[in-house]
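Reading the structure
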Amino acid sequence: MRSTIPRTALLAGAVGVALLAGCSSTPAGGGSSDGGGDQRLTFVTYGSAFQEAQEKSMVDPFIAETGIDVTVESPVDPAKLKVMVEAGNPTWDVYLAGQQDVPAYCGTLFEELDLSNIDEADFAPGTVEKCGVPVDTYSYMVAYNEEKYGDNPPTSIADFFDLEKFPGTRSMGSDPAEGNLELALLADGVTPDELYPLDYDRAFTVLDRVKADTVFWSSGAEQVAIMEEQRADMILVWSGRGYEAVQNGAPYAPMWEDNSYHWASLAIVKGSPNREAAQQFIDFAVSQGPQTVWAESIAYGPANLTATPKLDAAASAWDSSLQEHRDLSWQIDNAWWGENQDEVVQRWTDWSAG
């Protein structure tokens with residue numbers, strides 16, 4: 001669910017790109033950015049169903065409670081953000097930022113937040129940053145075709161890379177920032193606390209095992225199509241998209257061992273002309289009530305762990321925020337990625353082309 005800066009062709013698989021159906025700029029809640037109060041702000045998000053769920057759970061209730069006008073725009077655009085900030089006249093206020101972007105651009109593209117109203121204990125450890133607070137979650141994880149593997153399903157990330165024990169086709173994202181290299185290292189016996197700095201040679205040796213049998217996807221829609229058409233026997237998939245495919249009849253089950261826990265964060269654009277209103281919006285959007293409605297509105301988890309969404313068994317099976325699923329997860333080192341993402345992308349590009 002990210003939009004990593006700098007934007008490259010490889011990073012086009014971020015959730016933000018996957019979910020948007022086009023570009024929109026509309027006042028939420030039927031209001032107008034020119035009326036309804038002295039305060040206003042512009043919120044930039046991913047678009048499509050994702051935006052609709054945010055408007056229902058966060059934006060519209062915020063307008064009703066505060067009287068602050070909110071204009072919602074999509075999609076997120078890192079290049080446009082950078083130009084705005086460097087020109088010193090941004091028209092955006094709150095930006096839905098990728099988890100690795102927040103520490104990388106804190107103080108340059110994003111303002112430091114007032115965290116006095118944020119209880120970090122309400123969020124997964126390490127997800128609250130000086131310049132960003134998480135607002136949604138998902139996991140990058142293995143899903144497997146139950147018809148293919150029957151009573152002998154994969155139980156570890158090592159099984160994904162073992163074509164002898166688990167023959168069949170594979171699929172994974174074309175964006176290395178999802179955690180492909182880290183998952184390869186975990187499959188090879190590296191523990192989560194020993195992942196960084198990444199051992200590229202070791203990771204690519206593991207990835208080589210399945211490269212010829214792998215279909216690479218670059219969007220959420222592609223993930224769903226691959227599962228519905230059963231073009232991969234195992235797939236590294238966003239949990240929300242996995243649930244969507246299963247709801248559409250795809251015969252897959254989740255495997256939570258070593259899932260990569262991801263999130264997107266709300267950040268205030270550097271130089272925002274409406275910083276006070278932006279801070280109010282962030283505090284509201286990540287609070288328990290809006291987070292509960294959010295998780296009930298779309299197949300992505302709440303970032304605030306005190307949220308109490310009512311989910312059926314099918315949705316819960318794919319819920320990244322459940323404690324039992326988080327207990328099996330690991331998290332990307334955002335600070336390391338912020339410093340090294342260009343090198344990682346280049347190494348991935350070279351490997352992909354080889």
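The model shown is predicted, which means the values in this text are computed figures rather than measured ones. (Residues numbered from 1 in each chain as written. Predicted model: local features only at pLDDT ≥ 70, side-chain atom pairs only at ≥ 80, totals over all residues. Heavy atoms only, no water.)

Running from amino to carboxyl end, helix H9 (residues 220–228) crosses helix H10 (residues 239–247) at an angle of 40°, the nearest separation of the two axes being 9 Å. Classed by the angle they form, the pair H9 and H10 counts as oblique. Classified by chirality, the crossing of H10 by H9 is right-handed. Contact with H9, carried on its side by Gly220, Ala221, Gln223, Val224, Met227 and Glu228, involves Arg241, Gly242, Glu244 and Ala245 of H10 and no other residues of that element. A breakdown of the residues in the contact of H9 with H10 according to their chemical character gives four nonpolar, three polar and three charged. (Axes fitted to C-alpha atoms, helices over the stretch in contact; angles between N-to-C directions. Helix = DSSP H or I, 4+ residues; strand = E, 2+ residues; numbered from the N terminus. Parallel < 35°, antiparallel > 145°, perpendicular 65-115°, else oblique. Left-handed = near helix turned anticlockwise from the far one by under 90°. Contact = heavy atoms within 4.5 Å. Nonpolar A, V, L, I, M, F, W, Y, C, P; charged D, E, K, R; others polar.)

Since one α-helical turn is 3.6 residues long, residues separated by three or four positions face the same way. If you check which residues of helix H12 (residues 288–297) are buried, you get Pro290, Gln291, Thr292, Trp294 and Ala295. Those residues of H12 that are buried are in contact with helix H2 (48–66), strand S5 (133–145), helix H11 (275–285) and strand S10 (301–302). (Buried < 20%, exposed > 50% of the residue type's maximum accessible area, 1.4 Å probe, protein only.)

Moving on to the packing of helix H8 (residues 200–211) against helix H15 (residues 334–353). Between H8 and H15, whose axes approach to 12 Å, the crossing angle comes to 40°. Relative to H15, H8 is oriented oblique. Crossing handedness for the pair H8 and H15: right-handed. Mapping the contact onto sequence places Tyr200, Asp201, Phe204, Leu207, Asp208 and Lys211 in H8 and Trp336, Glu343, Val344, Arg347, Trp348, Trp351 and Ser352 in H15.

To continue, consider the packing of aromatic side chains. Per the counting criterion, the structure on display carries 22 aromatic pairs. Where tryptophan 92 meets tyrosine 95, the ring centres are 5.9 Å apart and the plane angle is 35°; that geometry is what we call tilted. On the basis of relative accessible area, tyrosine 95 is assigned to the buried category, the value being 1%. An angle of 75° between the planes, with centres 5.1 Å apart, marks the rings of tryptophan 217 and tryptophan 238 as edge-to-face. (Phe/Tyr/Trp six-rings, centres within 6.5 Å; stacked < 30°, edge-to-face > 60°.)

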